[in-house]
Amino acid sequence: MPQTLAARAVLLDMDGTLVDSTAVVERLWLAWAEPHGIDPETVLRVVHGRQGHQSMAIMLPERDHAINLHENEIMLATEAGDVDGVIEIPGARELLEALQPFPHAIVTSANVALMTARMQAAGLTVPEHSVTAEDVSASKPDPEGFVRAAGLLGIDPADCVVFEDSGAGIQAGLAAGMRVVGVGKHAAAHNPTVLVADLSQVAVTPTATGFEITIS
């Protein structure tokens, strides 16, 4: 049965939600982890949805965080220059086009350069509004990014719907008091409000007070 969510704004994660960057993310992070002797399973469990310096802090808890911040800058620049294999999540282009008349924003753990590089590589237009790594003091699963985006758009958090794929992102959206559409097979384990395999299952319909998101 189709499910419908009334909304006044949509907040979209990027990696794993609008663009599939899994191959490059995992390739670069596994290469970073190898000299530290961190097993691949741990790396893949930690890095998705978080800012890089937070992932490093979780995996190397005794290390000076200044080193994490420095290496994260290097990682971000490397990622922005390596978009081989980055593609659109099915339905992303159509969803972004459908949201054009309505308040919406990207909320990503990437910085502006990386967000722009990956969206362009996937053939997607970057929305007018975004909250990136430069704009927050705390990474997902902290809700700061989503709360900031709601404020930027002038919409109450309860009227926002989040699209997220990762556990950290889903936790952040729920903690912000928002409903969350989980995207992809891994999202189900983190109890989103509703679940889709990809964005081709999503339709947007105007209403008198905003719009409705229908999940087929």
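For the structure itself, look to the data block above.
Since the model is a prediction, treat every value here as computed from it, not as a measurement.

1. Here we look at helix α4 (residues 65-80)
Then, number 1: End to end, α4 covers 22 Å across 16 residues, agreeing with the expected 22 Å (1.5 Å per residue, within 8%).
Then, number 2: Residues of α4 that are buried: Asn68, Asn72, Met75, Leu76 and Glu79. For α4, the arc enclosing every buried residue in end-on projection is 100 degrees, short of the 170-degree limit, so these residues lie on one face. The exposed residues of α4 that point more than 90 degrees off its buried face are His70, Glu73 and Ala77.
Then, number 3: Taking the backbone nitrogen of Ala66 as reference, a side-chain oxygen 2.9 Å away marks Asp64 as the first, capping residue of α4.

2. Details of the environment of Gln51
Then, number 1: Mapped onto the elements of the fold, Gln51 is located in the loop between α2 (40-46) and α3 (52-59).
Then, number 2: The exposure class assigned to Gln51 is buried, which follows from its relative accessible area of 6%.
Then, number 3: In the structure, Gln51 is positioned 56 residues away from Val107 in sequence and 12 Å away in space, judged by C-alpha atoms.
Then, number 4: Apart from residues lying up to four places away in sequence, Gln51 is in contact with Ser109, Ala133, Val136 and Ser139.
Then, number 5: A distance of 3.0 Å separates a polar atom in the side chain of Gln51 from a polar atom in the side chain of His53.

3. Thoughts on the packing of aromatic side chains
The way to describe two aromatic rings as a pair is by their centre distance and the angle between their planes.
Then, number 1: For the structure on display, the rule yields two aromatic pairs.
Then, number 2: A centroid spacing of 5.3 Å and a plane angle of 70 degrees characterise the contact between Trp29 and Trp32, whose relative ring orientation is edge-to-face. Residue Trp29 and its partner Trp32 are both found in helix α1 (residues 22-33); the two are separated by three residues, about one turn of the helix.
Then, number 3: Classification of Trp32 by relative accessible area gives buried; the value is 12%.

4. Considerations on the pattern of salt bridges
Then, number 1: By the definition in use, this model includes eight salt bridges.
Then, number 2: One salt bridge in this structure joins Asp15 and Arg118, with 3.0 Å as the shortest N-O distance. Taken together, the positions of Asp15 in the loop between β2 (9-12) and β3 (19-20) and Arg118 in helix α6 (residues 112-121) put the pair 103 residues apart, joining distant regions of the chain.
Then, number 3: Judged by its relative accessible area of 1%, Arg118 is buried.
Then, number 4: For Glu164, the salt bridge identified is with Lys140, shortest N-O distance 2.6 Å.

The rules we used
Think of each chain on its own: its residues are numbered from 1, step by step along the sequence as written. For this predicted model, a pLDDT threshold of at least 70 governs which residues receive local features, and a threshold of 80 or more governs which side-chain atom pairs are given and counted, while totals over whole chains, interfaces and linings are taken from all residues. Side-chain calculation: all heavy atoms of the structure are included, whereas hydrogens and water are not. For the purposes of this entry, the term helix denotes a DSSP run of H or I that reaches at least four residues, the term strand denotes a run of E that reaches at least two, and both are numbered from the N terminus. One less than the number of residues in a helix, times 1.5 Å, gives the span that helix is expected to have. Think of it in three bands: with a 1.4 Å probe and only protein chains considered, a residue is buried below 20% of the maximum accessible area for its type, exposed above 50%, and partly exposed in between. Working note: the arc is built from the helix axis to C-beta atom directions. As used in this structure description, the phrase polar contact means that two N or O atoms lie within 3.5 Å; if the pair is within protein, one of them must be able to donate a hydrogen and the other to accept it, and residues adjacent in sequence are counted only when both atoms belong to side chains. In what follows, residue pairs with any heavy atoms lying within 4.5 Å of each other are defined as contacts. Classification of ring pairs uses Phe, Tyr and Trp, with its six-membered ring standing for Trp, and accepts pairs whose centres are within 6.5 Å; under 30 degrees between planes counts as stacked, over 60 as edge-to-face, and the remaining range as tilted. Here a salt bridge means any side-chain nitrogen of Lys or Arg lying within 4 Å of a carboxyl oxygen belonging to Asp or Glu.

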